[in-house]
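Now for the letters of each chain:
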Amino acid sequence: MTARTGADPRPLTGEPLSLDLLNTRWVQDGEPADLFAGAAGLSRVQGLALWLESAGLADRFRADAATLVHLLTAREALARAVADPADESARALLDAVLEHGRIRVTFTAEGAGERAEFADPTWGPAWTAARGHLDLLGTSPDRIRVCASPTCGLHFHDVSREGTRRWCGAACGDRDGAPRHNARTRER
């Protein structure tokens, strides 16, 4: 189990695991920030420990250098796959991450179950995030979004009833929409 390293500095958390991993990179005060590269004064491994904790994985996986390297590989694969789902090299990279784990079907007191298995547990978080992306693609691929604000770039799963959400949150929507609203108001 990993000790809490502080408050999560990311502006958007709680998205499905694959998108939450992508959101470990964001823009802060006009500058790129990376939870795994010193954001908020955290070391790379502290950033990983914080992410594992926020993702509910800290009790199953260690925050160490090997886990971080594998997670960065998964993040790159996911970023490329989300940016261009037809990119064959992105699919190959994602498949390479998925090669490091498997689902084992089990029989439980409740009936059928499954558990993930890894020959090398340092691949666990990376594989889990990649597998989560496959689940999103299987249920709602058209609801995977990038914030419409040109200065944001965060990813989210659109769970709105109509499926028309454009921004990662109210702050980006206000920042993007307020100038247009003000311009319309002045025209009247």
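Everything quoted here is computed from the prediction, not taken from an experiment. In this convention, every chain numbers its residues from 1, walking through the sequence in written order. Only residues with pLDDT of at least 70 are given local features in this predicted model, and only at 80 or more are side-chain atom pairs given and counted; all residues enter the totals for whole chains, interfaces and linings. Only heavy atoms go into the side-chain values, all of them from the structure, while hydrogens and water stay out.

Colleague: I'm lost on helix H4 (residues 88-98) in this one. Help?
Modeller: For an α-helix, 3.6 residues make a turn, and residues three or four places apart therefore share a direction. Those residues of H4 not exposed but buried are Ala90, Leu94, Val97 and Leu98. End-on view of H4: buried residues confined to an arc of 100 degrees, all on one side of the axis. Buried residues are those whose accessible area, probed at 1.4 Å on protein chains only, stays under 20% of the maximum for their type, while exposed residues exceed 50% and partly exposed ones sit between those limits. Only DSSP runs of H or I covering at least 4 residues are called helices, and only runs of E covering at least 2 are called strands; the numbering of each starts at the N terminus. This arc is taken over the directions from the axis of the helix to the C-beta atoms.

Colleague: Sorry, what's going on with the packing of aromatic side chains here?
Modeller: In this description, an aromatic ring pair is defined by two values, namely the gap between the centres and the angle between the planes. Centres within 6.5 Å are what make two rings of Phe, Tyr or Trp a pair, Trp counting through its six-membered ring; a difference in plane orientation under 30 degrees is then read as stacked, over 60 as edge-to-face, and the rest as tilted. Counted by the stated rule, this structure contains three aromatic pairs. Ring geometry for Phe36 and Trp51: centres 6.4 Å apart, planes at 85 degrees, overall edge-to-face. Note that Phe36 is positioned in the loop between strand E2 (31-34) and helix H2 (44-54) and Trp51 in helix H2, a separation of 15 residues in sequence. By relative accessible area, Phe36 is classed as buried at 1%.

Colleague: Explain the side chain of Arg143 here, please?
Modeller: Relative to the helices and strands, Arg143 resides in the loop between helix H5 (124-139) and strand E5 (144-146). The buried charged residue Arg143 lacks any salt bridge, with Asp158 as its nearest oppositely charged partner at 4.1 Å. Throughout this description, a polar contact denotes any pair of N or O atoms lying within 3.5 Å of each other; where both atoms belong to protein, one of them has to be capable of donating a hydrogen while the other can accept it, and for residues adjacent in sequence the pair is counted only when both atoms sit in side chains. Within polar-contact distance, the side chain of Arg143 engages the backbone oxygen of Ser160 at 2.7 Å. Here, two residues are considered to be in contact whenever any of their heavy atoms come within 4.5 Å of each other. Residues within four places of Arg143 in sequence aside, it is in contact with Phe156, His157, Asp158, Val159, Ser160, Arg161, Glu162 and Gly163. His residues and chain termini do not enter the charge count, which takes Lys and Arg as positive and Asp and Glu as negative. Salt bridge, as used here: a side-chain nitrogen of Lys or Arg that lies within 4 Å of a carboxyl oxygen of Asp or Glu.

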